[in-house]
Amino acid sequence: MNGNDCIEKLYRNFGVLADAKDKIAEHEKEYLEILMAVKGSEKEKRLASQFIARFFKHFPNLADQAIEAQLDLCEDEDVSIRKQATKDLPSLCKDNKEHTQRIADILAQLLQAEDKSELAVVQNSLMTLFKIDAKGSLAGLFAHILNGEDAVRDRCMKFLGGKLKALGHEVVNREAEDYLIAEAKKVLQDVTADEFHILMEVLVWTRLGQSPAGHRELVEIVAEQALGEPDFDPSDDEHVDRLVHSAKHALPYFSSQIDSSKFVVYMCELVLPRLSEVSSADENSDPQLDILKLFAELCTHCTKLPDPTVSVQCVFNTLLSFMPPPPMTDGEEQEEPKLFFSYVECLMYSLHRLARLCPEFLTQDADRLKDFRLRLQYFARGIQGYIKKLREALQGKTGEELKTEENKIKVVALKTTSNINTLIKDLFHSPPSFKSTISLSWKPARLNSNTKDGSHRGGGDAMKRHTPITFGEGGAPDSKQSKQDSRGNRELYQPPGGKYSDKVSQYSPSQLQQRGGRPRGGSGGGRGARLSGGGGGFRGGGSRGWRRGY
């Protein structure tokens, strides 16, 4: 039979089936001949793809054979035939939802298509399938995400992250959403950083992101990922990454109703004592500072601790490691201590937040309080020149001028030092006070237009004029700087005039973090890609065939 005869036979079979109406089931022979056409010419294959889908629902006994025939077309060497067959796949489920998971499974594997136009057809077919049966479609995708090859898993994850929200909650109904949440939780037991981000974004889009109860559940999901290890290994870059990046996903959901104490306790007991051991092979990154910033934000929503004294002691000890005592002035030239402004802002803020849960901590040991006040006083003097010079540099700047990289750095530097200044004032009170509220320097701040006096003010406390903080005898704030402190004969180090302020004009990102170098441990290894909650390792997918049994 030549090609034209085959085409005519296909059309004839189509006519018989189309006209049979209620008696169509009696024409199984004609439908089988359509299935056989997938082995024919290019035109026969195109017609067969459309006709198989058109009459599929009328021949349930031939369903498996019909699906296999359609798969033959999806594997065809001709890309145009593959695209036609892929486009027709969802039609097999239009009146037969019991096949949705299987068809979704097939489409999930077809997501590996390298041709962009072909990939677009696959994605559109999946979107169509979701509109027919969202839960069944999700089941097909998650079958590969949980147990499939990594290449297919990756494409399925990207499809969920990029396309699911476009379908809307009308398509992804409550039943499908519940299934999505349950399966996503299973996947989160072993995910890469990118996968974790995708799944969290998807979960936030569900009902979990719409209520305090849902937010609490999201926080618990993150806690399992971030705090799943029984110990903290600062030498494991993957472990450090998991802690920082996953915990950041929880930050938006802490509130007066959802406390961050579980995260704070973990950081105080396991992370801060070994902070100096955290390092990175990347000279442009500072994982220690990333951890401290995260910790400070977590402390904002910590209103209870199982043992506040223990936690505050950990924060206090870490803060002292970045706040040097004043050098003795014995006539010999001494190396100028390093002032790590960004580190101190994080830790001083954290202490300020947590110490209110046990305000007696700073006052119950007189020697400790004296030493702390000496350090506070020395640090306060150290930042006065910086604050003065930064204000002068930003005086009268327009909003457009403040957008330059140099001025952005100066604005953040001013906010950092001003925050420290404000916190020092509170902590130097007798007894220490915890009333001031600041906006952390790295948090986005909206710049305002110039004020009436010509000075630019923006970013909350960062741009306000603060009275320089100096302390007289007895610990009371004074306008004169005293060289005699409560220790009697010890003379406080007095930095030469202008020494601090001279360096502000050359402010750079590294100087913003500290003056004189960054506190680091040894050089670390490269970052691992996979975040494995609860000790799970990198999971490789086995070699899997194109078709799967059902």
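Our focus in this paragraph is the overall build of the protein chain. Across its full length, the protein chain holds 20 helices and four strands. Taking all 550 residues of the protein chain together, 52% fall into the buried category. Accessible surface for the protein chain amounts to roughly 25400 Å². Of this, 48% is attributable to carbon and sulfur atoms.

It is worth spelling out unusual backbone geometry at this point. The omega torsion of the bond from S430 to P431 falls at 0 degrees, within 30 degrees of zero and hence cis. Residue placement: P431 occurs in the loop between α19 (405–428) and β2 (447–450). Even without glycine at this site, K21 takes up a positive phi of about 50 degrees. Taking relative accessible area as the criterion, K21 reaches 65% and is therefore assigned exposed.

For any two helices packed against each other, the geometry comes down to the angle between their axes and how far apart the axes lie. Where helix α3 (residues 42–55) contacts helix α5 (residues 79–88), the axes come no closer than 9 Å and their chain directions differ by 5 degrees. Regarding the angle of α3 to α5, the classification is roughly parallel. On α5, the residues touching E42, K45, R46, S49, Q50 and A53 of α3 are S80, I81, Q84, A85 and D88. Grouping the amino acids of the contact of α3 with α5 by side-chain chemistry returns three nonpolar, four polar and four charged.

Moving on to helix α6 (residues 100–110). Across the eleven residues of α6, ten count as buried, placing the element largely inside the fold. Along its buried surface, α6 packs onto α4 (63–74), α5, α7 (116–132), α8 (134–147) and α9 (150–171).

Turning to the packing of aromatic side chains, a few remarks are in order. The tally for this structure, following the rule as stated, stands at 13 aromatic pairs. Relative to F361, the ring of F316 lies with its centre 5.4 Å away and its plane at 75 degrees, an arrangement referred to as edge-to-face. Of this pair, F316 sits in helix α16 (residues 308–322) while F361 sits in the loop between α17 (341–354) and α18 (366–394), and the two are 45 residues apart along the sequence. The same class applies to F316 as to F361, namely buried.

Taken over all residues, the pLDDT of the protein chain has a mean of 81, while the share at 70 or more is 79%. Note on residues 447–550: pLDDT under 50 across the span, and 276 contacts to partners over four residues away in sequence or across chains.

This paragraph deals with the side chain of D105. By the element assignment, D105 lies in helix α6. Exposure remark for D105: the relative accessible area of 1% places this residue in the buried category. At 3.2 Å, the side chain of D105 forms a polar contact with the side chain of H144.

To continue, consider the nonpolar core. Membership of the largest hydrophobic core comes to 158 residues, with the highest contact counts inside it found for Y31, L164, F263, M348, L354 and F372. A per-element tally of this core places α18 first, with eleven residues.

Another aspect to go through is the environment of N317. Within the fold, N317 resides in helix α16. Of the residues examined, N317 reaches a relative accessible area of 42% and is grouped as partly exposed. Sequence separation between N317 and L347 is 30 residues; the distance between their C-alpha atoms is 9.8 Å.

As for its placement among the helices and strands, M348 is situated in helix α17. Given a relative accessible area of 0%, M348 falls into the buried group. Remark: the alpha-carbon pair of M348 and M323, spanning 25 residues in sequence, is separated by 9.9 Å. Setting aside anything within four residues of it in sequence, one finds M348 in contact with L319, M323, L376, I420, L423, I424 and L427.

Another point: the pattern of salt bridges. A full pass over the atoms with the stated rule returns 26 salt bridges. Note that R46 and E42 form a salt bridge whose closest N and O atoms lie 3.7 Å from each other. Note that R46 and E42 are positioned in helix α3 at a spacing of four residues, about one turn of the helix. One salt bridge connects R155 with E114, and the closest N-O pair in it is separated by 3.6 Å. Here E114 lies in the loop between α6 and α7 and R155 lies in helix α9, a separation of 41 residues in the sequence. Through salt bridges with shared partners, one network takes in R174, E177, D178 and R207.

About the thresholds
Residues numbered from 1 in each chain as written. Predicted model: local features only at pLDDT ≥ 70, side-chain atom pairs only at ≥ 80, totals over all residues. Heavy atoms only, no water. Helix = DSSP H or I, 4+ residues; strand = E, 2+ residues; numbered from the N terminus. Buried < 20%, exposed > 50% of the residue type's maximum accessible area, 1.4 Å probe, protein only. Areas by Shrake-Rupley, 256 points an atom, 1.4 Å probe, with all protein chains shown as cover. Axes fitted to C-alpha atoms, helices over the stretch in contact; angles between N-to-C directions. Parallel < 35°, antiparallel > 145°, perpendicular 65-115°, else oblique. Contact = heavy atoms within 4.5 Å. Nonpolar A, V, L, I, M, F, W, Y, C, P; charged D, E, K, R; others polar. Phe/Tyr/Trp six-rings, centres within 6.5 Å; stacked < 30°, edge-to-face > 60°. pLDDT = per-residue confidence, 0-100. Polar contact = N/O pair within 3.5 Å; in protein donor to acceptor, adjacent residues only side chain to side chain. Core = buried A, V, L, I, M, F, W, Y, C linked by side-chain atoms within 4.5 Å. Salt bridge = Lys/Arg side-chain N within 4 Å of Asp/Glu carboxyl O.

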